[in-house]
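Residues per chain, in single letters:
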Amino acid sequence: MPRGWSKCLKLLGSSAMLLVSACNCNPEPPTGASETEGPEDSTEDTSVPGPDLGPDETETGETGPGTGCGDGIVEPGDLCFTRINLAQNQLSGAIALADTNGDGALDVLVGQVDRAIVLPGNGDGSFAGAVVLPTSSGVLGITAGDLNGDQYADVIASVADDDLVVVFISQGDGSFAAGQTYAVGAGPRGVVVGDFGGSPALDLAVVNEASGDLSALLGSGAGSFAPALSHPAGSVPLALAHADFNADGQTDLVVADVASDTVVVLLQDAGDFPSLVAHGVGSEPRDIGVADLDGDGVADLVVPNQGSDDLSVLFGNGLGGFGDEFVLLVGSTPRAVALADFNGDGVIDIAVANRGDDRVGILAGNGDGTFAKQISFLVTPGPLALAAGDVNGDGVADLVVASAGPTGGVTLLLSNH
């Protein structure tokens, strides 16, 4: 089994994070285009969330094969999804959403055991056949950004077994140029796009599990990158996210360090990250989500902890610091999170991939930093990574889920709003 695909990941909202744990990897290349279940087989029911979730409570709302939300009328605040299976029987451990061909519709980017694929979106919740992006081995992190200023999102994938990232430049017509590889640290995992060097060009940052550091690759603005610069990033970093945590106009980073049960904040200083500040979370943090959860205009963190079956919520103070964790219990073995408004009420909610339950849980936000009890939705077995975005143009976020269970694949939870 490839080195990278023997690990696991966590939940939160980073642009599409990672990964895999003890999967039964298929030695044969995945095959087949996307498949969509008919609505009579794919619609999941749920009820309106219950009371606010405290630090020692959890509730799993079972979903059934019905055709809608209760009385069939979907109101703001209702959590109702249609489940559609995409790219089935293809082990998938990383996922993201972006418009790679300039048609205004979000496409699904998937990291798989021996390649990446792009599923072009049609703008109505359906997708065209997969475009294959060849890699030398398994893709454990994937993201996108317009790296050359042509208004098309390009795809970036981390390849852990070969200690590199691969950049695929979009041609704007659904195709991509051959991948350009860049050496990074050992065992690269999560990767993000942002301004990490002070120039107008977009840069890359990737955390390296085996070497325990962060690689920053400064962009030229034309789609190419300078050799990687190494920065300390904890001991065993698996995932990262970015935001301006201290309101100085510079993009900062935060890393999930699975070995020390912390998240590590790296505040940028003109292209450098001179100091690390660690904040304790639960056991085995695997992912990070960033959003303003309490409406104070400051970025907060949500961290899924695989070892303790919970989420750590850390509220930012606007100066680069974070308060003590607030714990939310969720399902079994949470691996990834995504933060978005999934029920149409204008408030950020939390989606979490509970790998041990083969379900995604959603905790509806109240807008003040508190959340309703978890409601769960069945997905393809072994969910590892999440990405949120409006794939059908109805103004409410949908959710895509990458799974690496015995069958593997991608599940789309299409919000019924």
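Definitions and limits used
- Residues numbered from 1 in each chain as written.
- Predicted model: local features only at pLDDT ≥ 70, side-chain atom pairs only at ≥ 80, totals over all residues.
- Heavy atoms only, no water.
- Helix = DSSP H or I, 4+ residues; strand = E, 2+ residues; numbered from the N terminus.
- Buried < 20%, exposed > 50% of the residue type's maximum accessible area, 1.4 Å probe, protein only.
- Areas by Shrake-Rupley, 256 points an atom, 1.4 Å probe, with all protein chains shown as cover.
- Pairing = 2+ DSSP bridges.
- Axes fitted to C-alpha atoms, helices over the stretch in contact; angles between N-to-C directions.
- Salt bridge = Lys/Arg side-chain N within 4 Å of Asp/Glu carboxyl O.
- Phe/Tyr/Trp six-rings, centres within 6.5 Å; stacked < 30°, edge-to-face > 60°.
- Patch = residues over 30% accessible without salt bridge, like charges linked within 9 Å, V, L, I, M, F, W, Y side chains within 5 Å.
- Lys, Arg positive; Asp, Glu negative; His and termini not counted.
- Charge placed at Lys NZ, Arg CZ, Asp CG, Glu CD.
- pLDDT = per-residue confidence, 0-100.
- Contact = heavy atoms within 4.5 Å.

1. Examining the overall build of the chain
Right, so step 1: Within the chain one finds one helix and 29 strands.
Right, so step 2: A total of 417 residues make up the chain; the buried ones form 59% of that total.
Right, so step 3: Of the accessible surface of the chain, which amounts to about 13700 Å², a share of 50% is contributed by carbon and sulfur atoms.

2. Some thoughts on the sheet that holds strand β8 (residues 154-159)
Right, so step 1: Across the sheet, four strands lie side by side as β7-β8-β9-β10; this open sheet has antiparallel pairing. Since the sheet does not close on itself, it has two edges, and those belong to β7 (139-145) and β10 (180-183), each with one partner. Sheet twist, expressed as the mean angle between neighbouring strand axes with direction ignored, is 20 degrees.
Right, so step 2: As paired strands, strand β9 (residues 164-168) and β10 are joined by four bridges and run antiparallel to one another. Its bridge partner being in β10, valine 165 is matched across the sheet by tyrosine 182.

3. Some thoughts on the pattern of salt bridges
Right, so step 1: For the coordinates displayed, the defined rule picks out two salt bridges.
Right, so step 2: Glutamate 209 serves as the salt-bridge partner of arginine 189, at 2.9 Å between the closest nitrogen and oxygen. Of the two residues, arginine 189 sits in strand β11 (residues 188-194) while glutamate 209 sits in the loop between β12 (203-208) and β13 (213-217), which places them 20 residues apart along the sequence. The pair arginine 189 / glutamate 209 is uniform in exposure class, with both members buried.
Right, so step 3: The closest approach of N and O atoms between glutamate 284 and arginine 286, which form a salt bridge, is 3.9 Å.

4. Brief notes about the packing of aromatic side chains
Think of a pair of aromatic rings as described by two things: how far the centres are apart, and how the planes are tilted against each other in angle.
Right, so step 1: Scanning the model with the defined rule gives three aromatic pairs in all.
Right, so step 2: A centroid spacing of 4.9 Å and a plane angle of 80 degrees characterise the contact between phenylalanine 81 and phenylalanine 377, whose relative ring orientation is edge-to-face. Here phenylalanine 377 lies in strand β26 (residues 375-378) and phenylalanine 81 lies in strand β2 (residues 81-86), a separation of 296 residues in the sequence.
Right, so step 3: Under the relative-accessibility criterion, phenylalanine 377 is labelled buried at 0%.
Right, so step 4: Taking 5.4 Å as the distance between ring centres and 75 degrees as the angle between the ring planes, the aromatic pair formed by phenylalanine 245 and phenylalanine 322 counts as edge-to-face. With a gap of 77 residues between them, phenylalanine 245 in the loop between β15 (237-243) and β16 (252-257) and phenylalanine 322 in the loop between β21 (310-314) and β22 (326-329) connect regions that are remote in the sequence. In terms of burial, phenylalanine 245 and phenylalanine 322 fall into one category: buried.

5. Things to note about a negative patch on the surface
Right, so step 1: On the surface, a cluster of negative charge is made up of Asp244, Asp248, Asp269 and Asp272.
Right, so step 2: Tracing the backbone through its elements, the reader meets aspartate 244 in the loop between β15 and β16.
Right, so step 3: Looking at aspartate 244, the relative accessible area reads 32%, which means it is partly exposed.

6. Quick notes on the pairing of strand β3 (residues 92-98)
Right, so step 1: Taken across its seven residues, β3 has seven buried, putting it largely inside the fold.
Right, so step 2: Relative to strand β4 (residues 107-112), β3 runs antiparallel, the two sharing six bridges. Pairing of isoleucine 95 across the sheet is with valine 110, part of β4.

7. Re the confidence of the model for the chain
Right, so step 1: Confidence in the prediction of the chain, expressed as mean pLDDT, is 85, and 83% of residues score 70 or more.
Right, so step 2: Across residues 1-68, where pLDDT falls below 50, the model places 263 contacts with residues more than four positions away in sequence or in other chains.

8. Things to note about the environment of phenylalanine 81
Right, so step 1: For phenylalanine 81, a relative accessible area of 0% corresponds to the buried category.
Right, so step 2: In this structure, the C-alpha to C-alpha distance between phenylalanine 81 and phenylalanine 342, residues 261 residues apart in sequence, is 9.2 Å.

9. A closer look at the environment of phenylalanine 371
Right, so step 1: As for its placement among the helices and strands, phenylalanine 371 is situated in the loop between β25 (359-363) and β26.
Right, so step 2: The class of phenylalanine 371 is buried, set by a relative accessible area of 2%.
Right, so step 3: C-alpha separation for the pair phenylalanine 371 and isoleucine 348, spaced 23 residues apart in sequence, amounts to 9.6 Å.

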